[in-house]
Amino acid sequence: MKSKNIFPILGMNTVSDTARQQGNFVRIANNIDINPNGTIELRSGKDKVSDMSIHHLWQSPLHKDVFGLYDGYWCVVNPYDWTVKKLTEIGNTPLYHALVNNRVVVAGQHGLYEYDGQTAKPLTIPTPPLPVVQGTKQGQDFGEYVSGLDETTHRARTRVIAISYLVGQKEGGLSSTVKIDADSVTITLPMVFDRAITHINIYITEQGGAELKLLASVPKDTTEYRFDTGVILGKPATTQHLDSMMTGKYLALWRSRLVVAKSNVIYFSEPLNYHLTDERHNYIAMPQRVTFLEVVEGGIWVGQTTGVAFLQGVDIDEMTISHKAVQAPIADSSTQMPSETVGELSNGGSTVALWLSANGYCVGTSDGSVVEYHAGVMNGITGIGSTVQVGQRVVTAIT
């Protein structure tokens, strides 16, 4: 039988005729590497390094620490002996990491947590329950006194009261408000069992006023606080109508805001206040379920069930959505690539987004352009992926 030289091999092609004048493509390449010069070599085998079931490994680009999920705990993983240091219980759903102000932030089933190099603690602060208030006027009971007032006088004398929790200097969202008409008011504060909380801020309005201002900041174990007419108030409340930032998938940092996705909605934190969000405004609803999310300098690349969209703008209210004519991405297969890896495709940006689609790898640039590397060469790829860069190679595992 006459032999045929198949070298050089140009790569894989599952779409068109594999024969070329200057070489050949192959349809299947199992357990081999195709080198740039067209030769092939057997792919190196893999060794089992640990019997422990460690999932969702991620390495900090700054500190080089390795993090993962083991037995429901967020852990620091030693990549040399594969021992783990448990940081906090976080649940068994996938973990998503980001680097924020030189700290590692993770999104998991139980919420958002941050790691400062020593310990892990919740990123968010819970919103306190409604405080209980009682008041008197000239020795009379609050309820008895109010019953004798006309409505106009009652409104002119009413105060609004709310509280918030603090962790050090970081303040959480305000509680719901309660109204009272009295000259002497006693506020019964809730019991605090969260060890991270240090103080409670108490806010009230002037009588008949609308702006909440700081009355006092008291230790968390304070049970009651009393004030009378003529009390001097401090700074206005800055966290009214704000809620704790929610956890979600595809955690990222965009223009000093944390970003996560839930189903088909993308949520944003407050600028620089990563633990807070305004659920009335800080979101963008996409037409389909979000399957990946990658931030570049010019915007945000968002995977959809049937395609890809690019969000562009300087603030949430100004963002425009551009749907790209590309094939459906493989869910969870995206990653960020440094500009030096892709060269001119970066279009001046420091990073680009890369994902695997039904027809091969795609690159999304900082200006919203898409390059389909394997269009006309690959097709029929399906599943859920996970992508890493190893040297000059990109490797995606699909299940």
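I will try to describe carefully the structure that is included in this document. (Residues numbered from 1 in each chain as written. Predicted model: local features only at pLDDT ≥ 70, side-chain atom pairs only at ≥ 80, totals over all residues. Heavy atoms only, no water.)

1. Some words on the overall build of the protein
Secondary structure summary: the protein contains three helices and 38 strands in total. Computed over C-alpha atoms, the radius of gyration of the protein comes to 28 Å, more than 25% over the 21 Å expected from 2.2 N^0.38 for 399 residues, which places it beyond the range of a compact globule. Within the protein, buried positions represent 44% of all 399 residues. The contacts in the protein between residues at least 6 apart in sequence include a share of 48% that link residues at least 24 apart. Accessible area for the protein stands at about 21,100 Å²; split by element, carbon and sulfur atoms hold 50% of it. Taking the 31 positively charged and 38 negatively charged side chains of the protein as two groups, their mean positions are separated by 6 Å. (Helix = DSSP H or I, 4+ residues; strand = E, 2+ residues; numbered from the N terminus. Rg over C-alpha atoms; globule rule 2.2 N^0.38 Å. Buried < 20%, exposed > 50% of the residue type's maximum accessible area, 1.4 Å probe, protein only. Contact = heavy atoms within 4.5 Å. Areas by Shrake-Rupley, 256 points an atom, 1.4 Å probe, with all protein chains shown as cover. Lys, Arg positive; Asp, Glu negative; His and termini not counted. Charge placed at Lys NZ, Arg CZ, Asp CG, Glu CD.)

2. Quick notes on the pattern of salt bridges
One pass over the structure, following the stated rule, counts 10 salt bridges. With a closest N to O distance of 2.8 Å, R43 and D33 form a salt bridge. Residue R43 is found in the loop between β5 (40-42) and β6 (55-59), and its partner D33 is found in strand β4 (residues 32-34); the two are separated by 10 residues along the sequence. Look at R43 and you get partly exposed, because its relative accessible area is 43%. Its salt-bridge partner being D278, residue R280 comes within 2.8 Å of it at the nearest N-O pair. One continuous salt-bridge network, built from bridges that share partners, spans R103, E114 and K170. (Salt bridge = Lys/Arg side-chain N within 4 Å of Asp/Glu carboxyl O.)

3. Regarding the pairing of strand β7 (residues 66-70)
The side chains of a regular strand alternate, first on one face of the sheet and then on the other. For β7, a buried count of four out of five residues is recorded, marking the element as mostly surrounded by other parts of the structure. Here β6 pairs with β7 via three bridges, running antiparallel. Bridge pairing in β7 places W58 opposite F67. Two successive antiparallel strands, β6 and β7, enclose a turn made up of six residues, where K64 displays a positive phi of approximately 70 degrees. Pairing geometry for β7 and strand β8 (residues 73-77), over five bridges, is antiparallel. Directly across from Y70, in β8, lies its bridge partner Y73. Between β7 and β8, which follow one another and run antiparallel, lie two residues, and D71 among them has a positive phi close to 55 degrees. (Pairing = 2+ DSSP bridges.)

4. Description of the sheet that holds strand β29 (residues 292-296)
With antiparallel pairing, the four strands of this open sheet are ordered in space as β29-β30-β31-β32. Edge positions in the open sheet fall to β29 and β32 (320-324), since each of these has one partner strand only. Adjacent strand axes in the sheet meet at a mean angle of 20 degrees when their direction is disregarded. Pairing of strand β30 (residues 299-303) with strand β31 (residues 308-312) involves five bridges; the strand directions are antiparallel. Bridging across to β31, W301 finds its partner in F310. (Axes fitted to C-alpha atoms, helices over the stretch in contact; angles between N-to-C directions.)

None of this, on its own, says anything about what the molecule does.
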